[in-house]
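# Residue-level structure breakdown
Okay, here's what each chain looks like letter by letter:
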Amino acid sequence: MTHIIGAGFNVGSHNGEFTELEADMRALADMGVDTVEIGITSLDLVAGGRIIRERHEALVGLCQQFDFRYTVHGLVSSNFMDPVTQRYQIDAAKALIEVCNSIGAEIIVQHSGSLRADAIADWAGADEREREALTEVADFARPHGVRIALENIFTTEPGQYRQTPSQVAATVRAVNHPNVVALIDFSHAYIEVTFKGLDFFAEIGAMAPVAGHLHVHDSFGRPQGFFKAFHPQENTALGIGDLHMPLGWGDIGWDRIFSELTFLPETVLMMEIGSRYRREQPASLARARELATLNAPRAIAAE
């Protein structure tokens, strides 16, 4: 049996209001989606590390209207390597874990850290800072039944300190906590290995044994560089950047990935393919479910 327990799409609010989030969720429910990942920080739910009660109650009420399995995306700007904001980020993460618990979400996404090239004095100890923060947050998350999924990102500015996918996996192994897993974002990995001249399959293969969450969307693995598109569709036309395209629009080898790699039990295949591609979402959903069936763990042949 496959370790993948659900496939769905991310949802959020562009204007910070619940009406937009609700419309997105209703469209996915009508599509037959079973799992959604809420971009929780697109709503004003937490202020200074404290949950805003009225808005939290509104979210709980909204989530109860649907029969989804929920996961949560934490701070998109999360960065436990940053010594200046780390304490504030930990406080916010703990509040968001309480929100997760209230809606039955067992995963919260945490982006892996980075440091600017001109913050060279902060590079020493950056990995250890991140590991200590992850351990503190994971200890808090454990009684709530929530796992922190540490996501691989790609280099976004010249000279930046950023872990490769295999180094993110090493962080998860070093933390060695039951409530910390890796999150493979395949497109992020593709972009980063192109930029750094690494082997794509080796890098994601290093993450797979500790991966308990997946972000799936297509691209061509071409770094954004200094090109600035006027319309986002112009990046798509050139195949440049973190495109979040429907499955099959790029050239990621999905069949090989899901046939050859095995992930942790209770893993969700989450497509970060937003409402811009509403007409293509049903086909991507069908494709994702097909990929999940390819991912049954292989039995070991008897000698």
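Residues numbered from 1 in each chain as written. Predicted model: local features only at pLDDT ≥ 70, side-chain atom pairs only at ≥ 80, totals over all residues. Heavy atoms only, no water.

Another point: empty space enclosed by the protein. Evaluation of the coordinates by the stated rule reveals one cavity of 30 Å³ or more. In this model, the largest cavity occupies a volume close to 90 Å³. Looking at the lining of the largest cavity, the elements with two or more residues in it are α3 (86-103), β6 (107-111) and α4 (126-141). A total of four residues in the lining of the largest cavity trace back to one element, the largest contributor, which is α3. Taken together, the residues of the lining of the largest cavity break down into 10 nonpolar, four polar and no charged. (1 Å grid on protein atoms, 1.4 Å probe; cavity = no way out; pocket = protein on both sides within 12 Å on 5 of 7 lines; lining within 4 Å. Points joined across faces, edges and corners; volume = space filled by probe spheres on them. Helix = DSSP H or I, 4+ residues; strand = E, 2+ residues; numbered from the N terminus. Nonpolar A, V, L, I, M, F, W, Y, C, P; charged D, E, K, R; others polar.)

Where strands meet in a sheet, backbone hydrogen bonds hold them as pairs that are either parallel or antiparallel. Around the barrel, eight strands lie side by side as β1-β2-β5-β6-β8-β10-β11-β12; this closed barrel has parallel pairing. When the angles between neighbouring strand axes are averaged without regard to direction, this sheet yields 30°. Inspection of the sheet shows strand β8 (residues 147-151) paired to strand β10 (residues 180-185) by four bridges, in the parallel sense. For alanine 149, the partnering residue across the bridge sits in β10 and is valine 181. Packed onto the sheet, helix α1 (residues 18-31) meets β1 (4-11), β2 (35-39) and β5 (69-73) and runs at close to 140° relative to β1. Against the sheet, helix α5 (residues 165-175) engages β8 and β10, with an angle of about 170° to β10. (Pairing = 2+ DSSP bridges. Axes fitted to C-alpha atoms, helices over the stretch in contact; angles between N-to-C directions. Contact = heavy atoms within 4.5 Å.)

Looking at where glutamine 86 falls in the secondary structure, it is placed in helix α3. By relative accessible area, which is 17% here, glutamine 86 ends up buried. Looking at glutamine 86, its side chain comes within polar contact range of the main-chain oxygen of phenylalanine 80, at 2.8 Å. Other than its neighbours up to four places away in sequence, glutamine 86 contacts Phe80, Arg129 and Ala133. (Buried < 20%, exposed > 50% of the residue type's maximum accessible area, 1.4 Å probe, protein only. Polar contact = N/O pair within 3.5 Å; in protein donor to acceptor, adjacent residues only side chain to side chain.)

Averaged over every residue, the pLDDT of the protein chain is 95; residues scoring 70 or more account for 97%. Residue range residues 299-303 is modelled with pLDDT below 50. Its contacts to residues more than four positions away, or to other chains, number zero contacts. (pLDDT = per-residue confidence, 0-100.)

A separate point is unusual backbone geometry. A positive phi angle, close to 50°, is found at asparagine 176, a residue other than glycine. Unlike most non-glycine residues, glutamate 266 shows phi in positive territory, near 70°. Among the secondary structure elements, glutamate 266 is positioned in the loop between α9 (254-260) and β12 (267-271).

Note on placement: asparagine 179 falls in the loop between α5 and β10. We classify asparagine 179 as buried; its relative accessible area is 6%. Contacts of asparagine 179, omitting those with residues within four sequence positions, involve Ala138, Ala141, Arg142, Val146, Arg147 and Ile148.

Moving on, we get to the state of the cysteines. Using the criterion set out here, one finds zero disulfides in the structure. In this model cysteine 100 remains outside any disulfide bridge; the closest cysteine sulfur is found in cysteine 63, 10 Å from its own. Among the residues examined, cysteine 100 registers a relative accessible area of 0% and is labelled buried. (Disulfide = S-S within 2.5 Å.)

Attention now goes to helix α2 (residues 53-63). Inspection of α2 places His56, Leu59, Val60, Leu62 and Cys63 among the buried residues, and these make up the whole buried set. The arc enclosing the buried residues of α2, seen along the axis, measures out at 160°, which places them on a common side. Contacts made by the buried residues of α2 are with α1, β2, β4 (50-51), β5 and α3. (Arc of directions from axis to C-beta.)

Under the definition given, this model contains nine aromatic pairs. Arranged with centres 5.6 Å apart and planes meeting at 85°, the rings of phenylalanine 186 and tryptophan 254 form a pair that is edge-to-face. Within this pair, whereas phenylalanine 186 is found in helix α6 (residues 186-196), its partner tryptophan 254 is found in helix α9, the two being separated by 68 residues in sequence. Of the two residues, phenylalanine 186 and tryptophan 254, both sit in the buried class. For the pair tyrosine 190 and phenylalanine 200, a centre-to-centre distance of 5.3 Å together with 45° between the ring planes defines the contact as tilted. Note that tyrosine 190 is positioned in helix α6 and phenylalanine 200 in helix α7 (residues 200-207), a separation of 10 residues in sequence. In this structure tyrosine 190 comes out as buried when scored by relative accessible area, which is 16%. Residue class for phenylalanine 200 comes out buried when judged on its relative accessible area of 17%. Of the aromatic side chains, those joined through ring pairs into one cluster are Phe186, Trp254, Phe258 and Phe263. In this structure, arginine 222 packs its charged tip against the face of phenylalanine 220, placed 4.9 Å from the ring centre. The positively charged end of arginine 256 is found above the aromatic ring belonging to phenylalanine 201, 3.7 Å away from the centroid. (Phe/Tyr/Trp six-rings, centres within 6.5 Å; stacked < 30°, edge-to-face > 60°. Lys NZ or Arg CZ within 6 Å of the ring centre and 35° of its normal.)

The space that makes up the largest pocket amounts to roughly 780 Å³. Broken down by secondary-structure element, the contributors of at least two residues to the lining of the largest pocket are β1, β2 and α8 (232-238). Looking at the lining of the largest pocket residue by residue, the classes come out as nine nonpolar, 18 polar and six charged. Roughly 290 Å³ of volume is contained in the second largest pocket. What lines the second largest pocket is a set of 14 residues, and nearest its centre among them are Thr155, Thr156, Glu157, Gln224 and Gly225. The residue inventory of the lining of the second largest pocket, partitioned by class, reads six nonpolar, five polar and three charged.

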